[in-house]
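Fold and contact review
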Amino acid sequence: QAGMAVIDKNGAVVKQETQAGPLSVKALLGGAKRDELQKVAGAAMSAEALVKLFAIAASRTPKLMACTPLSVLDCMVKCAELKLMPSTLGSVYLIPYENRKANTVECQLIVGYRGLVELARRSGAISTIQAEVVREGDEFEFEHGIHPKFRHKPCASDMSDNKITHAWAIARFKDGGHQLVVMTVAEVDRIRGMSRAGKFGPWADHYGEMAKKTAVRRLCKYLPLTVDVEEAISNADRAEVSLDFGDIGGHGVQDDAEQTPIAAKVEALRGKAATTKAAKPAAN
């Protein structure tokens, strides 16, 4: 660390101020921004636990240590805002993404199936959410109409590696109603094709979980979600897919060079969190 001396009019040193060195991933994993993260997360989650889980993720995926510090901080802030912890259980995935245009490695946050379910259930109107994939050999019947049909009976467990044909998700509401979504594997793969991490990470290693998450994401369009939850899910989508939202059809994928700089995104998230806390009582 570099020191800065403050000199009085007589030339005497009044005090010595310490300036922090450049931000590093090692410093972040050591808790360098823990207090700031706690302010974003509020009382609902522990920033200390969040930092520890990031350190565990880096030990399992060493390439995360090569990511730019700002991209790691960006993912930490997003986790704190979403109040989701990265883990092997599929809530949040941390993926080192190679940005070849900038010649850097950036930490990419992807919300998994369980994380998306948790976000959706925060609305308070949903009793349960369930999602599954349909494989060749399963007994599966689905039909729209005045008298819709839906039935899925999985095949024997030893057939669990069979090819996936569909993914479905259903939400049951506390008032007794329900909402169902069924997607073909072709529809799931179109969504996968828009993801920056569509060829590696959880899409490559946990395709079934990501297919279920995709069905839940479509289901969320029909659920009575709160504004905060809808915004949180949209922010997670932007991080993963990097869609150009000026294209209403959603056909274009934004170029890396055209994306909002990571540092600006971090500051925007911090500002948003501060605004939210100022507008609402700090009940949580």
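The following refers to the structure shown. (Residues numbered from 1 in each chain as written. Predicted model: local features only at pLDDT ≥ 70, side-chain atom pairs only at ≥ 80, totals over all residues. Heavy atoms only, no water.)

1. Section: empty space enclosed by the protein
Evaluation of the coordinates by the stated rule reveals three cavities of 30 Å³ or more. In this structure, the largest cavity occupies an estimated 50 Å³ of space. In this structure, the largest cavity is lined by Val 25, Leu 29, Phe 54, Ala 58, Leu 64, Val 72, Leu 94 and Cys 107. Those elements that place two or more of their residues in the lining of the largest cavity are α1 (25-29) and α3 (47-60). Classifying every residue of the lining of the largest cavity by side-chain character gives eight nonpolar, no polar and no charged. (1 Å grid on protein atoms, 1.4 Å probe; cavity = no way out; pocket = protein on both sides within 12 Å on 5 of 7 lines; lining within 4 Å. Points joined across faces, edges and corners; volume = space filled by probe spheres on them. Helix = DSSP H or I, 4+ residues; strand = E, 2+ residues; numbered from the N terminus. Nonpolar A, V, L, I, M, F, W, Y, C, P; charged D, E, K, R; others polar.)

2. A closer look at the sheet that holds strand β8 (residues 164-173)
Taken together, three strands build an open sheet; the order of strands is β5-β8-β9 and the sheet is antiparallel. Strands at the two margins of the open sheet, each flanked by one partner only, are β5 (126-135) and β9 (178-184). Pairwise comparison of adjacent strand axes, ignoring direction, gives a mean angle of 10° for this sheet. In the sheet, β8 pairs with β9 via seven bridges, with the strands oriented antiparallel. From the neighbouring strand, Arg 172 faces β9, where its bridge partner is His 178. (Pairing = 2+ DSSP bridges. Axes fitted to C-alpha atoms, helices over the stretch in contact; angles between N-to-C directions.)

3. Brief notes about the side chain of Ser 71
Its place among the elements puts Ser 71 in helix α4 (residues 69-82). Only 2.8 Å separates the side chain of Ser 71 from the backbone oxygen of Thr 68, close enough to count as a polar contact. (Polar contact = N/O pair within 3.5 Å; in protein donor to acceptor, adjacent residues only side chain to side chain.)

4. Considerations on the pairing of strand β7 (residues 149-153)
Taken together, the five bridges between strand β6 (residues 139-143) and β7 define a ladder with antiparallel strand orientation. Residue pairing for β7: Glu 143 is matched across the bridge by Lys 149. In this structure, the hairpin formed by β6 and β7 is closed by a connection of five residues, where Gly 145 is found at a positive phi of approximately 135°.

Read these as layout, nothing more, since geometry by itself doesn't imply function.
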